[in-house]
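# Geometric and topological summary
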Amino acid sequence: MTETQGKRVVGLVAGSHVVNHAYLVALAPVIGTVAGEFDVSIAAIGLAIGVQGAVVTLLQLPFGYLSDTRSRTLVFAISLVVGTLGIVATALAPTYEWLLVSQALLGVGIAGHHPAHYPLLAAATAEANRGRAYSIHALGGSIGFAAPYAIAAATDAAGLEWRWVIGIVAILGGAYALVALLIARTLRPEVAKPAPEDRPDSRPTLAGVRQGARGLVSSSGLLGLALLSFLTSAAAWCIRTYSPQLLSVAYPLDPGTANLLVSGMLVTGAGTILLGGALTDRIGPGNVALGGYAALGILAAVLATGALPLVLLVLVLPFSGTISVSRPARSTLADRLSERSDLGKTFAVVTIGISLGGAVAPPAFGALIDLAGVRVAFGVVAVLGFVSLGLTRWLLGRVDGSARDSHVATSD
(Lines give C-alpha, C1' and ligand atoms only; values in the text may rest on other atoms or scores of the structure.)
Protein backbone atom coordinates (compact mmCIF):
# COMPACT_ATOMS: atom_id res chain seq x y z
CA MET A 1 0.00 0.00 0.00
CA THR A 2 1.04 3.60 -0.55
CA GLU A 3 1.60 5.84 2.45
CA THR A 4 -1.49 7.86 1.53
CA GLN A 5 -3.69 4.75 1.49
CA GLY A 6 -2.26 3.64 4.83
CA LYS A 7 -3.04 7.02 6.38
CA ARG A 8 -6.61 6.79 5.09
CA VAL A 9 -7.10 3.46 6.88
CA VAL A 10 -5.55 4.82 10.09
CA GLY A 11 -7.86 7.84 9.98
CA LEU A 12 -10.89 5.68 9.24
CA VAL A 13 -10.19 3.33 12.14
CA ALA A 14 -9.26 6.12 14.58
CA GLY A 15 -12.55 7.87 13.81
CA SER A 16 -14.44 4.66 14.49
CA HIS A 17 -12.58 4.39 17.81
CA VAL A 18 -13.84 7.86 18.75
CA VAL A 19 -17.42 6.82 18.00
CA ASN A 20 -17.30 3.45 19.76
CA HIS A 21 -15.75 4.87 22.94
CA ALA A 22 -18.30 7.71 22.97
CA TYR A 23 -21.05 5.08 22.76
CA LEU A 24 -19.33 3.10 25.52
CA VAL A 25 -19.51 5.87 28.14
CA ALA A 26 -22.52 7.84 26.87
CA LEU A 27 -24.60 7.06 29.97
CA ALA A 28 -21.83 7.84 32.46
CA PRO A 29 -22.25 11.66 32.60
CA VAL A 30 -26.03 11.39 33.17
CA ILE A 31 -26.31 8.36 35.46
CA GLY A 32 -27.98 10.26 38.31
CA THR A 33 -30.55 11.94 36.06
CA VAL A 34 -31.42 8.69 34.28
CA ALA A 35 -31.84 6.89 37.61
CA GLY A 36 -34.19 9.61 38.80
CA GLU A 37 -36.34 9.50 35.68
CA PHE A 38 -36.74 5.71 35.78
CA ASP A 39 -37.09 5.72 39.59
CA VAL A 40 -34.27 3.21 40.09
CA SER A 41 -31.00 3.29 42.01
CA ILE A 42 -27.60 4.37 40.70
CA ALA A 43 -26.59 0.72 41.02
CA ALA A 44 -29.41 -0.26 38.65
CA ILE A 45 -28.07 2.07 35.96
CA GLY A 46 -24.62 0.65 36.68
CA LEU A 47 -26.12 -2.79 36.06
CA ALA A 48 -27.37 -1.62 32.65
CA ILE A 49 -23.86 -0.47 31.76
CA GLY A 50 -22.60 -3.80 33.12
CA VAL A 51 -24.93 -5.66 30.75
CA GLN A 52 -23.27 -3.79 27.89
CA GLY A 53 -19.83 -4.75 29.20
CA ALA A 54 -20.79 -8.40 29.59
CA VAL A 55 -22.01 -8.58 25.98
CA VAL A 56 -18.79 -6.93 24.77
CA THR A 57 -16.70 -9.47 26.66
CA LEU A 58 -18.68 -12.50 25.42
CA LEU A 59 -18.55 -11.49 21.75
CA GLN A 60 -14.86 -10.64 21.48
CA LEU A 61 -13.69 -14.04 20.27
CA PRO A 62 -16.60 -14.66 17.84
CA PHE A 63 -15.98 -11.29 16.21
CA GLY A 64 -12.24 -11.97 16.24
CA TYR A 65 -12.83 -15.25 14.41
CA LEU A 66 -15.07 -13.55 11.84
CA SER A 67 -12.46 -10.85 11.25
CA ASP A 68 -9.63 -13.36 10.85
CA THR A 69 -11.46 -15.77 8.54
CA ARG A 70 -14.04 -13.78 6.57
CA SER A 71 -13.88 -10.00 6.45
CA ARG A 72 -12.45 -7.24 8.62
CA THR A 73 -14.64 -4.61 7.01
CA LEU A 74 -17.76 -6.74 7.62
CA VAL A 75 -17.02 -6.73 11.37
CA PHE A 76 -16.21 -3.00 11.11
CA ALA A 77 -19.61 -2.35 9.49
CA ILE A 78 -21.52 -4.51 11.99
CA SER A 79 -19.87 -2.62 14.84
CA LEU A 80 -20.85 0.83 13.58
CA VAL A 81 -24.38 -0.08 12.40
CA VAL A 82 -25.47 -2.12 15.43
CA GLY A 83 -23.73 0.26 17.84
CA THR A 84 -25.61 3.21 16.34
CA LEU A 85 -28.92 1.34 16.62
CA GLY A 86 -28.11 0.60 20.26
CA ILE A 87 -27.31 4.21 21.15
CA VAL A 88 -30.48 5.43 19.39
CA ALA A 89 -32.51 2.88 21.37
CA THR A 90 -30.85 4.13 24.55
CA ALA A 91 -31.80 7.74 23.80
CA LEU A 92 -35.42 6.72 23.19
CA ALA A 93 -35.75 4.28 26.11
CA PRO A 94 -39.20 4.77 27.73
CA THR A 95 -38.60 2.32 30.59
CA TYR A 96 -35.74 0.80 32.57
CA GLU A 97 -36.35 -2.59 30.94
CA TRP A 98 -35.98 -0.97 27.50
CA LEU A 99 -32.74 0.59 28.72
CA LEU A 100 -31.37 -2.86 29.63
CA VAL A 101 -32.20 -4.23 26.18
CA SER A 102 -30.77 -1.18 24.39
CA GLN A 103 -27.51 -1.48 26.34
CA ALA A 104 -27.26 -5.15 25.38
CA LEU A 105 -27.76 -4.17 21.72
CA LEU A 106 -25.16 -1.45 22.11
CA GLY A 107 -22.76 -4.05 23.53
CA VAL A 108 -23.13 -6.15 20.37
CA GLY A 109 -21.98 -3.17 18.30
CA ILE A 110 -19.12 -2.11 20.57
CA ALA A 111 -17.85 -5.71 20.74
CA GLY A 112 -16.79 -5.67 17.10
CA HIS A 113 -14.60 -2.60 17.01
CA HIS A 114 -11.30 -3.92 18.41
CA PRO A 115 -11.38 -7.25 16.50
CA ALA A 116 -11.81 -5.23 13.29
CA HIS A 117 -9.61 -2.22 14.06
CA TYR A 118 -6.32 -3.88 14.90
CA PRO A 119 -6.19 -6.26 11.91
CA LEU A 120 -7.08 -3.35 9.60
CA LEU A 121 -4.25 -1.27 11.07
CA ALA A 122 -1.77 -4.14 10.84
CA ALA A 123 -2.71 -4.86 7.22
CA ALA A 124 -2.51 -1.21 6.13
CA THR A 125 0.69 -0.04 7.84
CA ALA A 126 4.36 -0.95 7.63
CA GLU A 127 5.93 -2.55 10.70
CA ALA A 128 8.25 0.45 11.14
CA ASN A 129 5.26 2.82 11.51
CA ARG A 130 2.82 0.58 13.34
CA GLY A 131 3.49 1.97 16.82
CA ARG A 132 2.46 5.44 15.64
CA ALA A 133 -0.62 3.99 13.94
CA TYR A 134 -1.64 2.31 17.20
CA SER A 135 -1.01 5.55 19.10
CA ILE A 136 -3.31 7.54 16.76
CA HIS A 137 -5.92 4.81 17.22
CA ALA A 138 -5.56 5.02 21.01
CA LEU A 139 -5.79 8.83 20.90
CA GLY A 140 -9.09 8.48 19.05
CA GLY A 141 -10.36 6.28 21.86
CA SER A 142 -9.34 8.88 24.46
CA ILE A 143 -11.21 11.60 22.55
CA GLY A 144 -14.24 9.32 22.43
CA PHE A 145 -14.16 8.86 26.21
CA ALA A 146 -14.05 12.62 26.74
CA ALA A 147 -16.72 13.62 24.17
CA PRO A 148 -19.91 12.66 26.08
CA TYR A 149 -18.75 14.63 29.15
CA ALA A 150 -18.22 17.74 27.02
CA ILE A 151 -21.61 17.26 25.36
CA ALA A 152 -23.25 16.78 28.78
CA ALA A 153 -21.70 20.01 30.07
CA ALA A 154 -22.98 21.92 27.02
CA THR A 155 -26.50 20.50 27.17
CA ASP A 156 -26.69 21.11 30.92
CA ALA A 157 -25.74 24.75 30.38
CA ALA A 158 -28.48 24.96 27.75
CA GLY A 159 -31.05 23.43 30.13
CA LEU A 160 -31.61 20.32 28.01
CA GLU A 161 -32.48 16.90 29.43
CA TRP A 162 -30.28 13.80 29.44
CA ARG A 163 -31.77 12.36 26.25
CA TRP A 164 -30.16 15.20 24.31
CA VAL A 165 -26.73 14.01 25.45
CA ILE A 166 -27.33 10.49 24.17
CA GLY A 167 -29.13 11.81 21.08
CA ILE A 168 -26.29 14.11 20.05
CA VAL A 169 -23.80 11.26 20.49
CA ALA A 170 -26.08 9.09 18.33
CA ILE A 171 -26.44 11.74 15.59
CA LEU A 172 -22.70 12.36 15.39
CA GLY A 173 -21.92 8.64 15.49
CA GLY A 174 -24.55 7.82 12.88
CA ALA A 175 -23.24 10.52 10.53
CA TYR A 176 -19.72 9.16 10.87
CA ALA A 177 -20.94 5.61 10.30
CA LEU A 178 -22.49 6.59 6.94
CA VAL A 179 -19.25 8.18 5.74
CA ALA A 180 -17.06 5.39 7.14
CA LEU A 181 -19.07 2.61 5.50
CA LEU A 182 -18.71 4.29 2.11
CA ILE A 183 -14.95 4.64 2.58
CA ALA A 184 -14.61 1.05 3.85
CA ARG A 185 -16.12 -0.24 0.59
CA THR A 186 -13.17 1.28 -1.30
CA LEU A 187 -10.44 -0.46 0.70
CA ARG A 188 -8.18 -2.84 -1.17
CA PRO A 189 -9.04 -6.55 -0.79
CA GLU A 190 -5.76 -7.40 0.97
CA VAL A 191 -6.69 -4.88 3.69
CA ALA A 192 -10.43 -5.58 3.88
CA LYS A 193 -10.14 -9.37 4.07
CA PRO A 194 -7.63 -11.93 5.31
CA ALA A 195 -5.34 -13.57 2.77
CA PRO A 196 -6.99 -16.46 0.83
CA GLU A 197 -4.67 -19.02 2.41
CA ASP A 198 -5.83 -17.90 5.88
CA ARG A 199 -9.52 -18.42 5.13
CA PRO A 200 -11.06 -21.79 6.04
CA ASP A 201 -12.30 -24.02 3.24
CA SER A 202 -15.31 -25.24 5.20
CA ARG A 203 -17.76 -23.96 7.76
CA PRO A 204 -16.63 -23.98 11.39
CA THR A 205 -17.56 -27.02 13.45
CA LEU A 206 -17.96 -27.37 17.19
CA ALA A 207 -14.83 -29.50 17.30
CA GLY A 208 -12.92 -26.84 15.39
CA VAL A 209 -14.13 -24.12 17.76
CA ARG A 210 -13.02 -26.21 20.74
CA GLN A 211 -9.63 -26.80 19.13
CA GLY A 212 -9.19 -23.08 18.44
CA ALA A 213 -10.16 -22.21 22.01
CA ARG A 214 -7.63 -24.73 23.34
CA GLY A 215 -4.99 -23.18 21.10
CA LEU A 216 -5.66 -19.73 22.55
CA VAL A 217 -5.69 -20.99 26.13
CA SER A 218 -2.47 -22.95 25.59
CA SER A 219 -0.64 -19.84 24.35
CA SER A 220 1.15 -18.68 27.48
CA GLY A 221 2.30 -15.49 25.77
CA LEU A 222 -1.23 -14.56 24.75
CA LEU A 223 -2.65 -15.28 28.19
CA GLY A 224 0.16 -13.24 29.71
CA LEU A 225 -0.76 -10.36 27.43
CA ALA A 226 -4.42 -10.65 28.47
CA LEU A 227 -3.37 -10.58 32.14
CA LEU A 228 -1.18 -7.53 31.46
CA SER A 229 -4.18 -5.82 29.83
CA PHE A 230 -6.33 -6.63 32.87
CA LEU A 231 -3.76 -5.30 35.35
CA THR A 232 -3.12 -2.05 33.51
CA SER A 233 -6.84 -1.53 32.82
CA ALA A 234 -7.62 -1.96 36.53
CA ALA A 235 -4.89 0.54 37.45
CA ALA A 236 -6.15 3.03 34.85
CA TRP A 237 -9.75 2.81 36.09
CA CYS A 238 -8.64 3.45 39.68
CA ILE A 239 -6.60 6.46 38.58
CA ARG A 240 -9.42 7.93 36.48
CA THR A 241 -12.11 7.28 39.09
CA TYR A 242 -10.45 7.97 42.45
CA SER A 243 -7.60 10.43 41.85
CA PRO A 244 -9.81 13.40 42.91
CA GLN A 245 -10.50 11.65 46.21
CA LEU A 246 -6.78 10.94 46.72
CA LEU A 247 -5.93 14.60 46.22
CA SER A 248 -8.77 15.77 48.47
CA VAL A 249 -8.15 13.30 51.30
CA ALA A 250 -4.39 12.73 51.26
CA TYR A 251 -3.51 16.33 50.32
CA PRO A 252 -5.13 19.63 51.40
CA LEU A 253 -6.77 20.36 48.07
CA ASP A 254 -10.37 21.48 47.71
CA PRO A 255 -12.51 19.32 45.38
CA GLY A 256 -12.55 21.93 42.61
CA THR A 257 -8.77 22.18 42.51
CA ALA A 258 -8.45 18.41 42.70
CA ASN A 259 -10.80 17.93 39.74
CA LEU A 260 -8.96 20.58 37.73
CA LEU A 261 -5.64 18.85 38.40
CA VAL A 262 -7.08 15.47 37.41
CA SER A 263 -8.53 17.01 34.24
CA GLY A 264 -5.04 18.24 33.37
CA MET A 265 -3.71 14.76 34.10
CA LEU A 266 -6.14 13.15 31.65
CA VAL A 267 -5.31 15.68 28.92
CA THR A 268 -1.60 15.07 29.48
CA GLY A 269 -2.24 11.32 29.37
CA ALA A 270 -3.96 11.60 26.02
CA GLY A 271 -0.98 13.47 24.61
CA THR A 272 1.50 10.87 25.84
CA ILE A 273 -0.22 8.25 23.67
CA LEU A 274 1.30 9.90 20.59
CA LEU A 275 4.66 10.12 22.36
CA GLY A 276 4.39 6.42 23.16
CA GLY A 277 3.75 5.57 19.53
CA ALA A 278 6.78 7.53 18.34
CA LEU A 279 9.01 5.98 21.02
CA THR A 280 7.71 2.49 20.22
CA ASP A 281 8.81 2.87 16.61
CA ARG A 282 12.13 4.45 17.59
CA ILE A 283 13.38 2.37 20.56
CA GLY A 284 11.09 -0.67 20.50
CA PRO A 285 7.87 -1.64 22.34
CA GLY A 286 9.65 -3.61 25.04
CA ASN A 287 11.69 -0.67 26.27
CA VAL A 288 8.69 1.69 26.20
CA ALA A 289 6.46 -0.74 28.13
CA LEU A 290 9.12 -1.40 30.76
CA GLY A 291 9.71 2.31 31.28
CA GLY A 292 6.01 3.13 31.47
CA TYR A 293 5.14 0.47 34.03
CA ALA A 294 8.18 1.26 36.19
CA ALA A 295 7.09 4.93 36.22
CA LEU A 296 3.52 3.89 37.09
CA GLY A 297 4.68 1.92 40.13
CA ILE A 298 7.00 4.67 41.36
CA LEU A 299 4.53 7.56 40.90
CA ALA A 300 1.63 5.66 42.47
CA ALA A 301 3.76 4.73 45.49
CA VAL A 302 4.98 8.32 45.96
CA LEU A 303 1.51 9.87 45.62
CA ALA A 304 0.00 7.27 47.96
CA THR A 305 2.23 8.45 50.82
CA GLY A 306 0.33 11.74 51.01
CA ALA A 307 3.63 13.36 51.98
CA LEU A 308 4.49 15.29 48.80
CA PRO A 309 4.87 19.08 49.19
CA LEU A 310 2.14 20.96 47.34
CA VAL A 311 4.66 22.27 44.82
CA LEU A 312 5.47 18.69 43.78
CA LEU A 313 1.85 17.75 43.10
CA VAL A 314 2.60 18.61 39.48
CA LEU A 315 3.74 14.96 39.45
CA VAL A 316 0.04 14.15 39.16
CA LEU A 317 0.01 15.47 35.59
CA PRO A 318 2.04 12.62 34.04
CA PHE A 319 0.43 10.00 36.31
CA SER A 320 -2.10 8.50 33.89
CA GLY A 321 0.42 9.11 31.11
CA THR A 322 2.58 6.31 32.52
CA ILE A 323 -0.10 3.90 31.27
CA SER A 324 -0.99 5.88 28.16
CA VAL A 325 2.59 5.99 26.89
CA SER A 326 2.69 2.18 27.11
CA ARG A 327 -0.55 1.50 25.24
CA PRO A 328 0.94 1.60 21.70
CA ALA A 329 3.81 -0.56 22.98
CA ARG A 330 1.38 -3.13 24.40
CA SER A 331 -0.52 -3.21 21.11
CA THR A 332 2.73 -3.69 19.19
CA LEU A 333 3.76 -6.54 21.51
CA ALA A 334 0.40 -8.19 20.81
CA ASP A 335 1.04 -7.72 17.09
CA ARG A 336 4.44 -9.41 17.36
CA LEU A 337 3.11 -12.26 19.49
CA SER A 338 0.55 -13.09 16.78
CA GLU A 339 0.47 -14.91 13.52
CA ARG A 340 -0.93 -12.73 10.72
CA SER A 341 -3.97 -15.03 10.53
CA ASP A 342 -4.77 -14.65 14.26
CA LEU A 343 -4.63 -10.88 14.77
CA GLY A 344 -8.39 -10.46 15.27
CA LYS A 345 -8.54 -13.20 17.90
CA THR A 346 -5.36 -11.97 19.60
CA PHE A 347 -6.67 -8.45 20.04
CA ALA A 348 -10.06 -9.86 21.07
CA VAL A 349 -8.31 -11.64 23.96
CA VAL A 350 -6.48 -8.41 24.85
CA THR A 351 -9.81 -6.56 24.84
CA ILE A 352 -11.32 -9.18 27.16
CA GLY A 353 -8.57 -8.31 29.66
CA ILE A 354 -9.28 -4.59 29.25
CA SER A 355 -13.05 -5.09 29.64
CA LEU A 356 -12.66 -7.22 32.76
CA GLY A 357 -10.41 -4.58 34.29
CA GLY A 358 -13.09 -1.96 33.69
CA ALA A 359 -15.77 -4.18 35.19
CA VAL A 360 -13.83 -5.21 38.30
CA ALA A 361 -11.72 -2.19 39.24
CA PRO A 362 -14.26 0.58 40.09
CA PRO A 363 -16.32 -1.45 42.59
CA ALA A 364 -13.29 -3.32 43.97
CA PHE A 365 -11.23 -0.18 44.58
CA GLY A 366 -14.32 1.60 45.92
CA ALA A 367 -14.81 -1.18 48.49
CA LEU A 368 -11.11 -1.06 49.37
CA ILE A 369 -11.28 2.71 49.91
CA ASP A 370 -14.30 2.28 52.22
CA LEU A 371 -12.45 -0.43 54.14
CA ALA A 372 -8.87 0.83 54.32
CA GLY A 373 -8.67 4.32 52.80
CA VAL A 374 -7.68 5.88 49.50
CA ARG A 375 -3.93 5.77 50.19
CA VAL A 376 -4.04 1.99 50.48
CA ALA A 377 -5.94 1.80 47.20
CA PHE A 378 -3.22 3.75 45.39
CA GLY A 379 -0.62 1.60 47.09
CA VAL A 380 -2.30 -1.31 45.34
CA VAL A 381 -2.03 0.61 42.06
CA ALA A 382 1.71 0.84 42.67
CA VAL A 383 1.81 -2.93 43.18
CA LEU A 384 -0.09 -3.40 39.91
CA GLY A 385 2.52 -1.25 38.17
CA PHE A 386 5.42 -3.33 39.43
CA VAL A 387 3.65 -6.63 38.68
CA SER A 388 3.00 -5.33 35.14
CA LEU A 389 6.70 -4.52 34.88
CA GLY A 390 7.67 -8.08 35.82
CA LEU A 391 5.05 -9.59 33.52
CA THR A 392 6.31 -7.49 30.61
CA ARG A 393 9.86 -8.68 31.20
CA TRP A 394 8.57 -12.25 31.03
CA LEU A 395 6.58 -11.53 27.85
CA LEU A 396 9.68 -10.18 26.15
CA GLY A 397 11.12 -13.65 26.40
CA ARG A 398 8.22 -14.96 24.28
CA VAL A 399 9.01 -12.84 21.22
CA ASP A 400 12.12 -12.23 19.17
CA GLY A 401 14.62 -9.47 19.79
CA SER A 402 12.59 -6.97 17.76
CA ALA A 403 10.40 -6.43 20.81
CA ARG A 404 13.29 -4.67 22.52
CA ASP A 405 14.32 -2.46 19.61
CA SER A 406 12.91 -0.95 16.46
CA HIS A 407 14.69 -3.26 14.03
CA VAL A 408 12.29 -4.83 11.53
CA ALA A 409 12.98 -8.30 10.19
CA THR A 410 13.16 -8.62 6.41
CA SER A 411 10.30 -11.09 6.52
CA ASP A 412 8.02 -8.30 7.68
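Conventions we followed
- Numbering of residues starts from 1 in every chain and runs along the sequence as written.
- Note on the predicted model: pLDDT of at least 70 is required for a residue's local features to be given, and 80 or more for side-chain atom pairs to be given and counted; whole-chain, interface and lining totals, by contrast, use all residues.
- For side-chain calculations, the full set of non-hydrogen atoms in the structure is used, while hydrogens and water are omitted.
- UniProt positions are given in the numbering used here, feature names are shortened, and annotations may be inferred rather than shown by experiment.
- Each helix is a run of H or I in the DSSP string that is no shorter than four residues. Each strand is a run of E no shorter than two, and both are numbered from the N terminus.
- Only protein chains enter the area calculation, which uses a 1.4 Å probe; residues under 20% of their type maximum are buried, those over 50% are exposed, and those in between are partly exposed.
- Any two residues having at least one pair of non-hydrogen atoms within 4.5 Å are treated as being in contact.
- Each accessible area value is a Shrake-Rupley result obtained with a 1.4 Å probe; residue values ignore everything except the protein chains displayed when judging cover.
- Among the buried residues, those of types Ala, Val, Leu, Ile, Met, Phe, Trp, Tyr and Cys that are joined through side-chain atoms within 4.5 Å form a nonpolar core.
- Bear in mind that the domain bounds are from an automatic or database domain assignment.
- Residues enter patches when their relative accessible area tops 30% and they take part in no salt bridge; the joining distance is 9 Å for like charges and 5 Å for the nonpolar side chains Val, Leu, Ile, Met, Phe, Trp and Tyr.
- Salt bridges are counted wherever a side-chain nitrogen of Lys or Arg sits within 4 Å of a carboxyl oxygen of Asp or Glu.
- A 3.5 Å cut-off defines polar contacts: any pair of N or O atoms within that distance qualifies, except that in protein one atom must be a possible hydrogen donor and the other a possible acceptor, and neighbouring residues in sequence count only when both atoms are side-chain atoms.

In its Subcellular location (unreviewed entry) section, the UniProt record describing the chain reads: "Cell membrane".

### Overview of the overall build of the chain
On a plain count of helices and strands, the chain comes out with 17 helices and zero strands. When burial is assessed residue by residue, the chain has 50% of its 412 residues classed as buried. For the chain, long-range pairs separated by at least 24 residues make up 83% of all intrachain contacts whose partners lie at least 6 apart in sequence. For the chain, the exposed area adds up to about 17,600 Å²; of that, 68% sits on carbon and sulfur atoms.

### Here we look at the nonpolar core
Within the largest apolar cluster, 96 residues are counted, with the highest numbers of intra-cluster contacts made by Leu99, Leu247, Leu313, Phe319 and Phe378. Here this core gets eleven residues from one element, more than from any other, and that element is helix 11 (residues 220-249). The residues that make up this core include at least three from each of domain 1 (1-193) and domain 2 (206-403). Ignoring any residue separated from it by four or fewer positions in sequence, one finds Leu313 in contact with Leu247, Tyr251, Leu253, Leu261, Leu303 and Leu308.

### A few points about a nonpolar patch on the surface
Taken together, Val81, Leu85 and Leu105 make up a surface patch of nonpolar side chains, about 230 Å² in accessible area. Inspection of the secondary structure assignment puts Leu85 in helix 4 (residues 72-92).

### Quick look at the side chain of Ser71
Along the chain, the position of Ser71 falls in the loop between helix 3 (42-69) and helix 4. Here Ser71 falls in the buried class, since its relative accessible area comes to 8%. Side chain to side chain, Ser71 and Thr73 meet in a polar contact 3.1 Å long. Of the polar contacts made by the side chain of Ser71, one reaches the backbone nitrogen of Leu74; its length is 3.0 Å. When sequence neighbours within four positions are dropped, the list of residues in contact with Ser71 reads Leu66, Ala192, Lys193 and Pro194.

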